[in-house]
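Reading the structure
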Amino acid sequence: MGKIIVGVDGSDTASKAAARAAELASALGHELIVVSAFSSIDRLQVGRPGNELDLSASDAALKIAEQAIQDLPVDLAGLTATPRSEYGKPADVLVGVAEELGASIIVVGNKRVQGVTRVLGSIAADVAHHAPCDILIAHTH
């Protein structure tokens, strides 16, 4: 089974990219790997006052990936989606996971498109320069 990688960070644009990746994975019969990168090994407190959870940054990133999967459209019958959290810069993490799993496609959103990287976006540009496979830049605006 082929694999499609998508990165999420809890933002609306990442959710849109994940939905596009899920549609593609479902249509092709591929597994969807939903990855959230983290850059700290510190512990975080999340939740409402009096009801906080003490999570590592890795745990918090994994929860973001799991939530992105839960938020996918329910009409994607037969889709296998796997959440992952990985330490590192988002572009490096996406490329690394794609290399590790032999992915066929990496899906990235086109958010944060400003300045010199306005044509492509910094994460998308970094992935495009180093990806071991095809990339799809999902329109998320």
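Preceding block: the structure.
So, here is what we can say about the structure in this document. (Residues numbered from 1 in each chain as written. Predicted model: local features only at pLDDT ≥ 70, side-chain atom pairs only at ≥ 80, totals over all residues. Heavy atoms only, no water.)

Here we look at helix α4 (residues 122–130)
Within an α-helix, residues lying three or four positions from one another point in the same direction, as the helix has 3.6 residues per turn. Quick note on the threshold: Exposure classes here rest on a 1.4 Å probe applied to the protein chains alone. A residue is buried below 20% of its type maximum, exposed above 50%, and partly exposed in between. The way it works is that DSSP assigns letters per residue, a run of H or I at least four long becomes a helix, a run of E at least two long becomes a strand, and they are numbered from the N terminus. The arc in question is the one spanned by the directions pointing from the helix axis to the C-beta atoms. Contact definition: two residues touch when any of their heavy atoms are within 4.5 Å.
Listed in full, the buried residues belonging to α4 are A124, A125 and V127. The arc that holds the buried residues of α4, viewed along the axis, is 165°, so those residues lie on one side. Facing away from the buried side of α4, by more than 90 degrees, are the exposed residues H129 and H130. Of the surrounding elements, those touching the buried residues of α4 are α3 (90–101), β6 (105–109) and β7 (134–138).

Some points on the sheet that holds strand β1 (residues 3–7)
For clarity, the threshold we go by: For two strands to count as paired, DSSP must find a minimum of two bridges between them. For helices, the fitted axis covers only the stretch in contact; all axes are lines through C-alpha atoms, and the angles between them, taken along N-to-C directions, range from 0 to 180 degrees.
Read across the sheet, five strands follow the order β5-β2-β1-β6-β7 without closing on themselves; strand pairing throughout is parallel. Only two strands of the sheet have a single neighbouring strand rather than two, namely β5 (81–87) and β7. Each strand of the sheet is rotated relative to its neighbour by a mean of 25°, with strand direction disregarded. Relative to β5, strand β2 (residues 31–38) runs parallel, the two sharing seven bridges. Bridge assignment links L32 to a residue of β5, and that residue is A81. Along the sheet, helix α1 (residues 12–28) makes contact with β1, β2, β6 and β7, crossing β1 at roughly 175°.

Considering the packing of aromatic side chains
Heads up, the rule is: Two aromatic rings, drawn from Phe, Tyr or Trp (for Trp, its six-membered ring), form a pair once their centres lie within 6.5 Å of each other, and the interplanar angle then sorts them: stacked below 30 degrees, edge-to-face above 60, tilted otherwise.
Per the counting criterion, the structure on display carries one aromatic pair. Both rings, one in F38 and one in Y87, keep their centres 5.7 Å apart while their planes meet at 65°; by these two values the pair is edge-to-face. Separated by 49 residues along the polypeptide, F38 in strand β2 and Y87 in strand β5 bring together distant segments of the chain. On the basis of relative accessibility, which here comes to 13%, the residue F38 falls in the buried class.

Section: the packing of α3 against α4
The condition that has to hold: In this scheme the crossing of two helices becomes right-handed for a clockwise turn of the near helix relative to the far one and left-handed for an anticlockwise turn of less than a right angle. When residue character is reported, Ala, Val, Leu, Ile, Met, Phe, Trp, Tyr, Cys and Pro are called nonpolar, Asp, Glu, Lys and Arg charged, and the others, Gly included, polar.
Look at α3 against α4: their axes get within 8 Å of each other, and the N-to-C directions meet at 35°. In the crossing of α3 with α4, the sense of the turn from one axis to the other is right-handed. Of the residues in α4, those in contact with P90, A91, L94, V95 and E99 of α3 are I123, D126, V127 and H130. Residues that form the contact of α3 with α4 fall into these classes: six nonpolar, one polar and two charged.

Focus: α1
Going by this rule: Expected helix span is computed as 1.5 Å times (number of residues minus one).
Under the 1.5 Å per step criterion, the end-to-end length of α1 is 24 Å for 17 residues, consistent within 8% with the ideal 24 Å. Every buried residue of α1 is listed here: T13, A14, A17, A18, A19, A21, A22 and A25. In this structure, the buried side of α1 is in contact with β1, β2, β6 and β7. With its phi angle positive at about 70°, G29 sits one or two positions after the end of α1.

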